[in-house]
Amino acid sequence: MSKTLEKLGYKKIVDDEYQTVYKNSYGDEIVFGKLTKSVSVDDRLHWFRVITMEELKAIYKYCEDNKWI
């Protein structure tokens, strides 16, 4: 079973008609662009960051739950 972003330590900090943003205690963000159905993953310094497979599964679950895929 896939974990949710919340179970991986992320908190939803923005949820409006344009985007949903989750942030963890390190300042890393996962941003879901609702209009473009896009996903971006940024660290707090906006450098390249590798995501874990659990994070990828949680992103996939979010997209499924919101009927993006």
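Cut-off values and rules
- Residues numbered from 1 in each chain as written.
- Predicted model: local features only at pLDDT ≥ 70, side-chain atom pairs only at ≥ 80, totals over all residues.
- Heavy atoms only, no water.
- Helix = DSSP H or I, 4+ residues; strand = E, 2+ residues; numbered from the N terminus.
- Rg over C-alpha atoms; globule rule 2.2 N^0.38 Å.
- Buried < 20%, exposed > 50% of the residue type's maximum accessible area, 1.4 Å probe, protein only.
- Contact = heavy atoms within 4.5 Å.
- Areas by Shrake-Rupley, 256 points an atom, 1.4 Å probe, with all protein chains shown as cover.
- Lys, Arg positive; Asp, Glu negative; His and termini not counted.
- Charge placed at Lys NZ, Arg CZ, Asp CG, Glu CD.
- Pairing = 2+ DSSP bridges.
- Axes fitted to C-alpha atoms, helices over the stretch in contact; angles between N-to-C directions.

Caption draft 1: Broad picture of the overall build of the protein chain. When you go through the protein chain residue by residue, the secondary structure sums to 1 helix and 4 strands. Reading the protein chain from its N terminus to its C terminus gives the helix and strand order β-β-β-β-α. Taking 69 residues into account, the globule formula puts the C-alpha radius of gyration at 11 Å, and the protein chain, at 11 Å, falls close to it. Across its three principal directions, the C-alpha atoms of the protein chain cover 30 × 30 × 20 Å. Looking at the protein chain as a whole, 29% of its 69 residues qualify as buried. Expressed as a percentage of contacts within the protein chain between residues at least 6 apart in sequence, the contacts between residues at least 24 apart total 28%. When the accessible surface of the protein chain is summed, it comes to about 5,000 Å², and 55% of that surface belongs to carbon and sulfur atoms. For the protein chain, the separation between the mean place of its 12 positive charges and that of its 12 negative charges on side chains is 5 Å.

Caption draft 2: Structural context of the sheet that holds strand 3 (residues 29-33). Ordered by their spatial adjacency, 4 strands build an open sheet running 1-2-3-4, and the pairing between neighbours is antiparallel. The two strands at the open ends of the sheet, each matched to only one other strand, are strand 1 (11-15) and strand 4 (38-42). Put simply, the sheet's adjacent strands are angled 15 degrees from each other on average, direction ignored. Sheet topology note: the strand 1/strand 2 (residues 19-23) ladder contains 4 bridges and is antiparallel. Note on strand 2: the bridge partner recorded for Lys11 is Lys23. Of the strands in this sheet, strand 2, strand 3 and strand 4 touch helix 1 (residues 53-65), which is tilted by about 25 degrees from strand 3.

Caption draft 3: Structural context of the pairing of strand 4. Sheet analysis places strand 3 next to strand 4, joined by 5 bridges and oriented antiparallel. Bridge pairing links Glu29 to Asp42 in strand 4. Counting the residues between successive antiparallel strands, the hairpin from strand 3 to strand 4 contains 4 residues, one of them, Lys37, with a positive phi of roughly 50 degrees.

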